[in-house]
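Structural features, examined
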Amino acid sequence: PQIIADLQALHAGVSMGLRDLSDARAAVVRRLNEAGVPVVAWLLLPEEEGYWFNLDNAPQALAFYDDFLVWTAAHDLKWDGVGLDIEPDMRALSRAFAGDWRVLFDVLRRAFDQARFLRGRAFYRRLVARIRADDYRVDSYEIPLIVDERRAGASLLQRLFGLVDLDVDREVLMLYTNFLRPGGPGVLWSYAPAAQSIGVGSTGGGVTVGGVDQIPPLTWDEFSRDLRLARRWSDDVHVFSLEGAVQQGFLARLRDFDWAQPVPVPWRYFQGVERFRRVLRAVLWASVHPGVVLGAIM
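Let me begin by describing the structure that accompanies this report. (Residues numbered from 1 in each chain as written. Predicted model: local features only at pLDDT ≥ 70, side-chain atom pairs only at ≥ 80, totals over all residues. Heavy atoms only, no water.)

Some thoughts on helix 1 (residues 2-10)
Within helix 1, burial applies to I4, D6 and L7. Seen end-on, helix 1 carries its buried residues on one side only, within an arc spanning 160°. Along its buried surface, helix 1 packs onto strand 1 (14-18), helix 2 (23-34) and helix 12 (250-253). H11 sits one or two positions beyond helix 1 and adopts a positive phi of about 55°. (Buried < 20%, exposed > 50% of the residue type's maximum accessible area, 1.4 Å probe, protein only. Helix = DSSP H or I, 4+ residues; strand = E, 2+ residues; numbered from the N terminus. Arc of directions from axis to C-beta. Contact = heavy atoms within 4.5 Å.)

Here's what the structure looks like:
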């Protein structure tokens, strides 16, 4: 009850990761519906199918959406939108973190498979069209490097890591600074201007692959800093995750949070991130124009 009261006071919504389509989860969604708390259906697959959406599980993503619609109708659930989490395949990440370097050969092989890229992208475009036809707003949760790929007009990162650059209604850039200490604030400040919505975090919780759950979550001071930095660029802020914010007592403290309190801009880290991004965009541009690069070298 207290969590719902806090969400109501903040006029906040919840993006709920659908790890299952159970009766128990449906009951929670109905309770939030009755309380007037907007809920976004954050679609996820079983871990054995990659968990996050990517080029290699597009058919499973379409099939899961069909199951989601049946479950939604059976329980009379109301959604504020549907969220697509676009990230590398969890199975490949698990192999890499376990030291199975053969996964690198698989990644490189798939990077040159243009048919795979076009097929997967077509699947997801069809999925976005279907979701919109069902009168839902489409959100996507994206790794920030997709911004650089888009500016370079490239597809290299998508082919390497199975990402998909989609035309959606609200794109959330996942700018989680606790994974990138101490330079995380510089990453947030660099990518925030291009974000429709900014995802800050992590406050705790989430997946365990690669031991990321062992990385210390944001402290209150770090969380406050990130919120104020994000607010300088966007009115739309996501926090990952709700359970972490509740466990650390952050949710209740947001009721009287001073958004206007000054916060120093992380210029030193920002400049390093900007240099990295310029090099990255140059590499991505070269991947699209190899003939020009080869001619220049010759």
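Considerations on the environment of L84
Relative to the helices and strands, L84 is located in strand 3 (residues 81-86). Accessibility expressed as a relative area gives 0% for L84, which makes it buried. Once the C-alpha coordinates of L84 and D134 are considered, the two residues, 50 residues apart in sequence, prove to be 15 Å apart. Excluding residues that lie within four positions of it along the chain, L84 makes contacts with L43, F53, L127, V128, I131, V138, D139, S140, Y141 and L166.

With respect to the nonpolar core
Grouped together as the largest cluster of nonpolar side chains are 40 residues, with contacts concentrated most on L18, L43, F53, F68, W79, L84 and L127. Within the residue set of this core, elements represented by two or more residues are helix 1, strand 1, helix 2, strand 2 (39-43), helix 3 (58-75), strand 3 and helix 6 (114-133). At seven residues, helix 3 tops the list of elements feeding residues into this core. Core analysis: the second largest hydrophobic core is formed by 26 residues, A195, L229, L254 and V263 among them. (Core = buried A, V, L, I, M, F, W, Y, C linked by side-chain atoms within 4.5 Å.)

Things to note about the pattern of salt bridges
For the structure shown, the criterion picks out 24 salt bridges. Between K78 and D76 there is a salt bridge whose closest N-O contact spans 3.2 Å. Of the two residues, K78 and D76, neither departs from the other in class, the shared state being exposed. A salt bridge links D235 to R231, with the nearest nitrogen and oxygen atoms 3.0 Å apart. Connected via shared salt-bridge partners are D80, R137, D139, R170 and D236. (Salt bridge = Lys/Arg side-chain N within 4 Å of Asp/Glu carboxyl O.)

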